[in-house]
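Read off the chains here:
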Amino acid sequence: MIQPTPDDSRNALQTLFDWIAQSEHWVDEDSLNLYAGTNRQSPAVQRAMASTLNARPSLGPPGDKYETGLAFSDLIEEWVEHQLCTLLGARRVEYRVLSGSLANLYAYMATTKPGDTIYALPEALAGHATHHTQGAAGLYGLRVQPIPYHPGTHCIEWTTWEDEIRHIRPTLIILGTSLPLIPVDIGRARALADMVGARVMYDAAHVAGLVAAGLFQQPLAEGADLMTMSTYKTFGGPAGGLVATGDEELAQRLDRIAYPGLTANFDMARVAGLGVAALELATFGQSYAQQCLKNAQRLADELLRLGVPVWAPNGGPPTRSHLVAIDAARFGGGTHAARLAEASNVLFSGIPLPMAVIAGDYNGIRLGVHEMTRLGMGESDMAVVATFVKRALTQPDRAEATRAEVREFRQDFHTVQFGFAE
Ligand SMILES: *Cc1c(COP(=O)(O)O)cnc(C)c1O
């Protein structure tokens, strides 16, 4: 290998930092970011994450660490778990989890054995890959049975399921999807689970911030044994995941899965940032989440008014969460539409809907309003957002003009609300 000169390396580094700055500029400042699986963090969360705690390994439970010099880390860790348990109404929250996908694996390890059968919502309803054979569930050796649903809607076929479940005898039922437009009847699934001695898990990856604010639904109170989530979508914290439970036995199993099981040392700066995000949700979460719901409803109404085919999950209102779905058939598929709209600086993604399949692409488009809400947009701004979404979808040839107008519109929305300054 030829050793680079310090000048060469400084140039290479400059390129890297340029890319970082350009990405921040484009995505954070100049775009209408309606991608559901993302958010902006407050300066206080960023401050915690940028601390040198991120290079101070920490092995074992607070108060009984392998390393010395961690007295303040211990205090931080206990503070964070207290914030999370209070916020989520949980007895125990496992916070050392690096992603939502791993949180699901932790939950499977705590409730099932390889070879067991579990139930999950099918991919046509946006059930997540980690609930299925190609993801964590399959890698761990679980067999996955799709929860029966009524075609064309997000409605579960409860009586069919009840007949089936007695024969299938699952050990775990997973609820929650990547398109949670309406709450699911967790209590009813709990009753089915009790018939066969199964556990119930709710994957709150997308709605975590709403759940934390006491809105949408309250999975643990409604009967879920476990709730998993991503901590950087509506939750607004660092990239990562967590598992919450009200069950003492599961809490102890999760603790052993986390340590000494799957985590040795972990990033205490990320954990501190997670605690800040939890405190922000406890303090400002209700107004944040309520504004998200109002904005999503308004965005759906405005899109419909403009003739954009907004999809409604069960023949009722199009959304009761922060998400809006669009039938992508007219736009050549969800991912195709998202890639075209990127040139207009309007960001979103494709998503499966329970309808006719489009070969090689998703048949739906998913929009999330939470990031724009966090940057201060209200309902009247959603009328403008709707016109940009429509233009990005229907006039890709005018992307340059749209992009300039989007950038102009975004100038008024640069400060993260519902959070703390440094
Ligand atoms: C995003 C998502 C996950 C995965 O979370 P990561 O943090 O990306 O690993 C899990 N479940 C659902 C339903 C999701 O939408």
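Since the structure is predicted, the reported quantities are computational estimates derived from the model, not experimental observations.

Reading guide: rules and limits
Residues numbered from 1 in each chain as written. Predicted model: local features only at pLDDT ≥ 70, side-chain atom pairs only at ≥ 80, totals over all residues. Heavy atoms only, no water. Pairing = 2+ DSSP bridges. Helix = DSSP H or I, 4+ residues; strand = E, 2+ residues; numbered from the N terminus. Axes fitted to C-alpha atoms, helices over the stretch in contact; angles between N-to-C directions. Contact = heavy atoms within 4.5 Å. Phe/Tyr/Trp six-rings, centres within 6.5 Å; stacked < 30°, edge-to-face > 60°. Lys NZ or Arg CZ within 6 Å of the ring centre and 35° of its normal. Near = heavy atom within 4 Å. Polar contact = N/O pair within 3.5 Å; in protein donor to acceptor, adjacent residues only side chain to side chain. Areas by Shrake-Rupley, 256 points an atom, 1.4 Å probe, with all protein chains shown as cover. Nonpolar A, V, L, I, M, F, W, Y, C, P; charged D, E, K, R; others polar. Domains from an automatic or database assignment. Salt bridge = Lys/Arg side-chain N within 4 Å of Asp/Glu carboxyl O. 1 Å grid on protein atoms, 1.4 Å probe; cavity = no way out; pocket = protein on both sides within 12 Å on 5 of 7 lines; lining within 4 Å. Points joined across faces, edges and corners; volume = space filled by probe spheres on them. Expected span 1.5 Å × (residues − 1). Buried < 20%, exposed > 50% of the residue type's maximum accessible area, 1.4 Å probe, protein only.

Once that is clear, we can look at the sheet that holds strand β5 (residues 172-175). Here we have 7 strands laid out as an open sheet, ordered β2-β8-β7-β6-β5-β3-β4, and mixed in their pairing. Only two strands of the sheet have a single neighbouring strand rather than two, namely β2 (92-97) and β4 (143-146). Across the sheet, the mean angle separating the axes of adjacent strands is 20 degrees when strand polarity is ignored. This element, helix α4 (residues 100-111), spans β2, β5, β6 (199-203), β7 (226-230) and β8 (241-245) of the sheet and lies at about 160 degrees to β7. Sheet strands touched by helix α7 (residues 186-196): β5 and β6. Its angle to β6, the strand with the most contacts, is close to 150 degrees.

We now examine the packing of aromatic side chains. Remark: the centre distance and the inter-plane angle together describe each pair of aromatic rings, the angle taken between the planes. As enumerated under the stated definition, the model contains 6 aromatic pairs in all. Connected via pairs of aromatic rings, a cluster forms that spans Tyr119, Trp158 and Trp161. The cationic tip of Arg96 hangs over the ring face of Tyr95; the distance from NZ or CZ to the ring centre is 5.9 Å.

Let us now look at the site of the ligand. Taken together, 13 residues lie near the ligand, and Gly100, Ser101, Asp203, Tyr232 and Lys233 sit nearest. Contact between the ligand and Ser101: an oxygen atom at 2.7 Å from a side-chain N or O atom of the residue. A distance of 2.9 Å is found between an oxygen atom of the ligand and a side-chain nitrogen or oxygen belonging to Ser230. Protein chains bury 87% of the 380 Å² of accessible surface belonging to the ligand in isolation. Examining the composition of the shell around the ligand, we find that 3 residues originate from one element, α4, more than from any other. Tallied by class, the residues present in the shell around the ligand amount to 2 nonpolar, 9 polar and 2 charged.

This part covers the domain arrangement of the protein. What the domain assignment reports for the protein is domain 1 (45-279) and domain 2 (285-410). Centre-to-centre, using C-alpha coordinates, domain 1 lies 28 Å away from domain 2. With 26 residues of domain 1 in contact, the opposing surface of domain 2 contributes 25 residues. The interface formed by domain 1 and domain 2 includes 0 salt bridges. Across the domain 1-domain 2 interface, the total number found is 8 residue pairs in polar contact (both at pLDDT 80 or more).

On to unusual backbone geometry, then. That bond from Tyr259 to Pro260 is cis: its omega, 10 degrees, falls within 30 degrees of zero. Here Pro260 shows up in helix α10 (residues 248-262). With a phi angle near 60 degrees, Phe418 is a residue other than glycine that sits in the positive phi range. Looking at the element boundaries, Phe418 is found in the segment after α15 (399-410).

The sheet built from 4 strands is open, its strands ordered β9-β10-β13-β12 with antiparallel pairing. A strand with exactly one partner marks an edge of an open sheet, and here the two such strands are β9 (310-311) and β12 (349-351). The pairing of β9 with strand β10 (residues 323-327) spans 2 bridges and is antiparallel. Residue Trp311 lies in a different strand from β10, and its bridge partner there is Ala325.

Our focus in this paragraph is empty space enclosed by the protein. Enumeration over the complete set of coordinates arrives at 1 cavity of 30 Å³ or more. Every residue lining the largest cavity is listed: Phe235, Gly236, Ala277, Glu280, Leu281, Gly285, Tyr288, Arg374 and Phe418. Here the element with the most residues in the lining of the largest cavity is helix α11 (residues 268-305); it accounts for 5 residues. Among the domains, domain 1 (45-279) and domain 2 (285-410) are the pair contributing at least three residues each to the lining of the largest cavity.

Okay, helix α3 (residues 71-88) next. In a regular helix each residue adds 1.5 Å, so 18 residues correspond to 26 Å; α3 covers 26 Å between its end C-alpha atoms and thus fits that length. Buried residues of α3: Ser73, Asp74, Glu77, Val80, Glu81, Gln83, Leu84, Cys85, Leu87 and Leu88, and no others. Looking at the buried residues of α3, the elements they touch are β2, α8 (208-212), α9 (219-222), β7, β8 and α11. Of the residues flanking the end of α3, it is Gly89, one or two places downstream, whose phi is positive at about 60 degrees.

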